Amino acid sequence: MKSLINRTAYLALFSVALSACQKEFNTSLYPNTEDLFLVGVEQMQKKKWDNAAKAFDQLTRALPARDSLLPLAYFYLGQSQSKNGEHLLSATSFYRLFEVLPEDSLADDALYLSGSEYAKMWKRPDLDPQYGQSALNTLGTLMSYYPESPFLEAADSLTWVIENKFAQKDFETGYSYYRRRAYDSGIIYFLDVLKKYPDTRAARDASIYLLQSYQKIKYSADARDLCDNMRTKYPNDKEVMSKCGSGSSAEASTPPT
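Residues numbered from 1 in each chain as written. Predicted model: local features only at pLDDT ≥ 70, side-chain atom pairs only at ≥ 80, totals over all residues. Heavy atoms only, no water.

**Focus: the overall build of the protein chain**
Stage number 1. Secondary structure assignment for the protein chain yields 12 helices and zero strands.
Stage number 2. If you list the helices and strands of the protein chain from N to C, you get α-α-α-α-α-α-α-α-α-α-α-α.
Stage number 3. Summing over all exposed atoms, the protein chain offers an accessible surface of approximately 15,100 Å²; the carbon and sulfur share of this is 52%. (Helix = DSSP H or I, 4+ residues; strand = E, 2+ residues; numbered from the N terminus. Areas by Shrake-Rupley, 256 points an atom, 1.4 Å probe, with all protein chains shown as cover.)

**Observations regarding the state of the cysteines**
Stage number 1. The full count for this structure, using the stated rule, is one disulfide.
Stage number 2. At a sulfur-sulfur separation of 2.0 Å, the disulfide partner of Cys227 is Cys244. Where Cys227 bonds to Cys244 through sulfur, the torsion about that S-S bond is close to -80°, and the disulfide is left-handed. Of the two residues, Cys227 sits in helix H11 (residues 220-233) while Cys244 sits in helix H12 (residues 238-244), which places them 17 residues apart along the sequence. Like Cys244, Cys227 is buried. (Disulfide = S-S within 2.5 Å. Buried < 20%, exposed > 50% of the residue type's maximum accessible area, 1.4 Å probe, protein only.)

**Some details on the confidence of the model for the protein chain**
Keep in mind that low pLDDT regions are not for reading the predicted coordinates in detail.
Stage number 1. Here the protein chain averages 89 in pLDDT, while 87% of its residues score no lower than 70.
Stage number 2. Low pLDDT, under 50, characterises residues 1-22; the predicted model gives this stretch zero contacts beyond four residues in sequence or across chains.
Stage number 3. In the model, residues 248-257 has pLDDT below 50 throughout and makes 26 contacts with residues more than four positions away in sequence or in other chains. (pLDDT = per-residue confidence, 0-100. Contact = heavy atoms within 4.5 Å.)

**Observations regarding helix H8 (residues 152-179)**
Stage number 1. Taking 1.5 Å of rise per residue, 28 residues should cover 40 Å, and H8 covers 40 Å from first to last C-alpha, within 8% of that figure.
Stage number 2. Three or more residues of H8 are buried, namely Ala155, Leu158, Thr159, Ile162, Asn164, Phe166, Ala167, Asp170, Phe171, Gly174 and Tyr178.
Stage number 3. Structurally, H8 contributes buried residues whose contacts are with helix H6 (107-121), helix H7 (130-145), helix H9 (183-196) and helix H10 (201-216).
Stage number 4. Phi turns positive, to about 65°, at Arg181, one or two residues after H8. (Expected span 1.5 Å × (residues − 1).)

**Overview of unusual backbone geometry**
Backbone phi values are negative for most residues with the exception of glycine, while trans is the configuration of most peptide bonds.
Stage number 1. In this structure, Lys47 takes a positive phi of about 65° despite not being glycine.
Stage number 2. Within the fold, Lys47 resides in the loop between helix H2 (33-45) and helix H3 (49-62).
Stage number 3. A residue is classified by how much of its surface remains accessible, and Lys47, at 62% relative accessible area, is exposed.
Stage number 4. Residue Lys218 is not a glycine yet carries a positive backbone phi of 65°.
Stage number 5. Within the secondary structure layout, Lys218 lies in the loop between H10 and H11.

**Concerning the packing of aromatic side chains**
Stage number 1. Counted under the stated rule, the structure contains 23 aromatic pairs.
Stage number 2. Aromatic side chains Phe98 and Tyr145 sit 5.2 Å apart centroid to centroid with 80° between the ring planes, which places their arrangement in the edge-to-face category. Of this pair, Phe98 sits in helix H5 (residues 87-100) while Tyr145 sits in helix H7, and the two are 47 residues apart along the sequence.
Stage number 3. Residue Phe98 is classed as buried on the basis of its relative accessible area of 7%. (Phe/Tyr/Trp six-rings, centres within 6.5 Å; stacked < 30°, edge-to-face > 60°.)

**Re the pattern of salt bridges**
Stage number 1. Here the structure, examined in full by the defined rule, presents 11 salt bridges.
Stage number 2. Across the pair Asp50 and Lys54 runs a salt bridge whose closest N-O atoms are separated by 3.7 Å. Note that Asp50 and Lys54 are positioned in helix H3 at a spacing of four residues, about one turn of the helix.
Stage number 3. Classification of Asp50 by relative accessible area gives partly exposed; the value is 36%.
Stage number 4. Relative accessible area serves as the criterion here: at 36%, Lys54 is assigned to the partly exposed category.
Stage number 5. Of the charged contacts in the structure, one is a salt bridge between Arg204 and Glu239, with a shortest N-O distance of 2.7 Å. Taken together, the positions of Arg204 in helix H10 and Glu239 in helix H12 put the pair 35 residues apart, joining distant regions of the chain. (Salt bridge = Lys/Arg side-chain N within 4 Å of Asp/Glu carboxyl O.)

If you want it as structure tokens, here you go:
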């Protein structure tokens, strides 16, 4: 009796496993590219992102360059991968659409989405900035190649967000040197913020600590020039006025470190 129960349980488990195998998505069941495209769209509608990505990935390899479905295959591939949390693959797929079909109407959409996917992967300024730089490069390509794109405003806004992260990263590095009294090293990073990201939030703080660094090491001429610029750029900033005064000098005292 016990043997019969065990055999029945085994057969039940085997039946479940077999059913699961039979339901596994198999792109080879759709040799016709139009059918595969339609089933890929169906899988997206069902939110089965991995299945959809498999279908569209195969289509990007199978469709000829002039096929009208090819740009959509790349575009839907990128969307499916993004929904599946595969942001690097998604960014690559969207960018590939631009590379292969730069004249297509979806090319600028794809560049913006590629930049967005890279941006999603760079969440903290103190981490490796590779993805942040990839996002900036991709958005820059969009602005360069498609100056009339409706995505320019969104790309500009996202660029500003990313540049603020880069500026904050450089500022924090400079500030860490400042706190250790390594003023010359800190100055390099503060100047980098002012040169590369002059309109970011971190630029104002970099100016303050750059001034204090100049004062600490008695770079009086540099401090005076910096104060002239700070008074012009931040005319209503009380801390700037406190440190620089209303005239063309930088004789204000330096706060504690």
